[in-house]
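Chain residues, written in single-letter form:
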Amino acid sequence: MTVGSTPSRAVVVGTGSRAQMFTEALARRPRLRVAALCDPNPVRIAHHQRLLKEAGEPEAAAWGPAEFERRLRADDIQEVVVTCVDALHDAYIVPALRAGCRVVTEKPMTTDAAKCRRILETVRETGNHLAVAFNYRFNPVHEEVHRQLSGGAIGEVLSVHFEWLLDTRHGADYFRRWHREKEHSGGLMVHKSSHHFDLVNWWLGARPEEVFGYGRLGFYGRAAGERSGYRREYERAHGAAAARDDPFALELAENDAMRSLYLDAEGEDGYHRDRNVFGDDITIEDDMALLVRYDTGATMTYHLTAYSPWEGYRVMFNGTRGRLELEVEESAWQPPLLGTASGRGTIHGDRALANAGGPRLVLRPLWEPPREVELPAFDHAGHGGGDERMLDVLYGPVAPADGPVDPADGPVDPARATEAGATEGAAVDASDASRRRATEEDGALALVTGLAANQSFVSGRPVATADVVTL
């Protein structure tokens, strides 16, 4: 390609807060062009149009959901990014694959077994793969864990203990927005924990076979809020006197981006982004404990807490030659939340949280003193640096060292990656980054653990993953 060749045309589906990262990333890459924005809410589309204008890019076409399939071909779209409500992902992934587009979807890939099977069947029918945005794979700390385990530092991994803690700033946010309704998000086992289940699958090179778990709503929701005394009498925070000094309330009007994306957009669809976390109609759990068995024979105990005073995670691996221990402290504690400075909402990842800590990785070999593994410089923003590194692999670097790249090459097709990690086509990280790119199979393997967990919560029995989705 020579300078001035036509950029590859992309559509971003779903124009909420997380989609901003993709709109801005595509706008920064000269070989790509955001040709369309697809969302039922024109006010949120207008917010993303302003992002494009700020980046010096032309205005994109505005599509309603009903136009999507027809306009893929009519508007010559090559790239599709799916960032809408989780339960609707398949409605866009499937027609995009059939139209021959390169598809990147936010995690989770979808929210139930039938939709997962539909996506996998479409991949088999078309031979067109998709990428799932598991950005945690690209975090340098998680890469080092993979390097230690795959290099045999503790021998064969026999068991894993994984504890993830969401503090009352981040954790509460899932209970203010649409994620609180399991029919839309699949619950935290599907929406949030898919990150963690994918990491363990990748770290161990294993597939989950059986899942048993307990889950409940014990902290959020009306009953728990009345029991603890945390509940205030309001439906949503905006304009409610009772929410003014509530540490669990989110004030949308204080933040330009949140006001633009949600408060100003309410007249179009009635969606409230700032609901009471101790309100009614919450159908997801906030405290979940699992036992997972893998095809390698390894087992994992996993616990997700969505109401912790500190944010972070601990992962311990026990092997035939020792033990590897990872602790990441995202935030030691959080002050009461009365607003947000982030244009991405109160979710972590955009900016470092207040009172941020750091990571520590300790190797404990058998019959030797423990030693701390040196880790790269850690940045809490951008999910530990994973966001930008993932975007470079998916779409090529912002300024390729080798000059312009032909848009026909597009993002790297995971099915074409070589054993050495090199790829055909787009200029990407020449290390093993391309092998960290998650495919539809990885998306399904992460999803099936969460789906089996949800079934086990109801039945009280272990669930075989093959009875949920066959891979």
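Our structure is the block above this text.
Keep in mind the model is a prediction, meaning the values are calculated, not measured.

A. Layout of the overall build of the chain. Counting its regular elements, the chain contains 16 helices and 16 strands. In the chain, which comprises 471 residues, the proportion classed as buried is 57%. Put simply, of all contacts in the chain between residues at least 6 apart along the chain, 75% involve residues at least 24 apart. Only carbon and sulfur atoms are counted for the fraction: they give 49% of the accessible area of the chain, which is about 18,600 Å².

B. Region of interest: the pattern of salt bridges. Evaluation of the coordinates by the stated rule reveals 38 salt bridges. As a salt-bridge pair, Arg177 and Asp173 come within 2.6 Å of each other at their nearest N and O atoms. One exposure class covers both Arg177 and Asp173, and it is buried. With a shortest N-O distance of 3.3 Å, Arg222 and Glu226 are connected by a salt bridge. Of the two residues, Arg222 and Glu226 are both situated in helix α11 (residues 222–228); the distance of 4 residues between them amounts to about one turn of the helix.

C. Layout of the side chain of Glu285. Along the chain, the position of Glu285 falls in the loop between α13 (266–269) and β9 (287–294). A polar contact of 2.7 Å, which involves the side chain of Glu285, links it to the side chain of Lys182.

D. Inspection of helix α6 (residues 140–150) at higher detail. Of the residues making up α6, those classed as buried are Val141, His142, Glu143, Glu144, Val145, Gln148 and Leu149. Residue Asn139 occupies the N-cap position of α6, its side-chain oxygen lying 2.8 Å from the main-chain nitrogen of Val141. Just past α6, the residue Gly152 takes up positive phi, approximately 85°.

E. View of the sheet that holds strand β6 (residues 130–133). Overall, mixed pairing links the 7 strands, which are arranged β3-β2-β1-β4-β5-β6-β15 in an open sheet. Edge positions in the sheet fall to β3 (61–63) and β15 (438–439), since each has one partner strand and no second. Pairing of strand β1 (residues 8–13) with strand β2 (residues 32–38), which is carried by 6 bridges, proceeds in the parallel orientation. Directly across from Arg9, in β2, lies its bridge partner Arg33. Sheet strands in contact with helix α2 (residues 42–54) are β2 and β3, and its direction is about 165° off that of β2.

F. Main features of the packing of aromatic side chains. Taken as a whole and assessed by the stated rule, the structure comprises 21 aromatic pairs. Centroid distance Phe248 to Phe278: 5.0 Å. Interplanar angle 85°. Geometry classified as edge-to-face. Placement of the pair is Phe248 in the loop between α11 and α12 (256–263) and Phe278 in the loop between α13 and β9, with a sequence separation of 30 residues. Residue Phe248 is classed as buried on the basis of its relative accessible area of 6%. Three or more aromatic residues link up through ring pairs in this structure, and these residues are Tyr136, Phe162, Trp164, Phe197, Trp203, Tyr302, Tyr313 and Phe317. Sitting over the face of the ring of Tyr262, Arg273 holds its NZ or CZ atom 5.6 Å from the ring centroid.

G. Up close: the pairing of strand β11 (residues 311–319). With respect to burial, β11 is a largely interior element, 7 of its 9 residues being buried. Note that β11 and strand β12 (residues 322–331) share 9 bridges and pair antiparallel. Residue pairing for β12: Gly312 is matched across the bridge by Glu329. Between β11 and β12, which follow one another and run antiparallel, lie 2 residues.

H. Broad picture of the sheet that holds strand β7 (residues 157–167). Taken in spatial order, the 9 strands of this open sheet run β14-β13-β12-β11-β7-β10-β9-β8-β16, and their pairing is mixed. Two strands bound the open sheet, and with one partner strand each, they are β14 (371–372) and β16 (463–464). Pairing of β7 with strand β10 (residues 299–308), which is carried by 8 bridges, proceeds in the parallel orientation. Residue pairing for β10: Leu165 is matched across the bridge by Thr305. The sheet strands contacting helix α16 (residues 440–459) are β8 (208–216), β9 and β16, and the helix crosses β8 at an angle near 50°.

Procedures and definitions
- Residues numbered from 1 in each chain as written.
- Predicted model: local features only at pLDDT ≥ 70, side-chain atom pairs only at ≥ 80, totals over all residues.
- Heavy atoms only, no water.
- Helix = DSSP H or I, 4+ residues; strand = E, 2+ residues; numbered from the N terminus.
- Buried < 20%, exposed > 50% of the residue type's maximum accessible area, 1.4 Å probe, protein only.
- Contact = heavy atoms within 4.5 Å.
- Areas by Shrake-Rupley, 256 points an atom, 1.4 Å probe, with all protein chains shown as cover.
- Salt bridge = Lys/Arg side-chain N within 4 Å of Asp/Glu carboxyl O.
- Polar contact = N/O pair within 3.5 Å; in protein donor to acceptor, adjacent residues only side chain to side chain.
- Pairing = 2+ DSSP bridges.
- Axes fitted to C-alpha atoms, helices over the stretch in contact; angles between N-to-C directions.
- Phe/Tyr/Trp six-rings, centres within 6.5 Å; stacked < 30°, edge-to-face > 60°.
- Lys NZ or Arg CZ within 6 Å of the ring centre and 35° of its normal.

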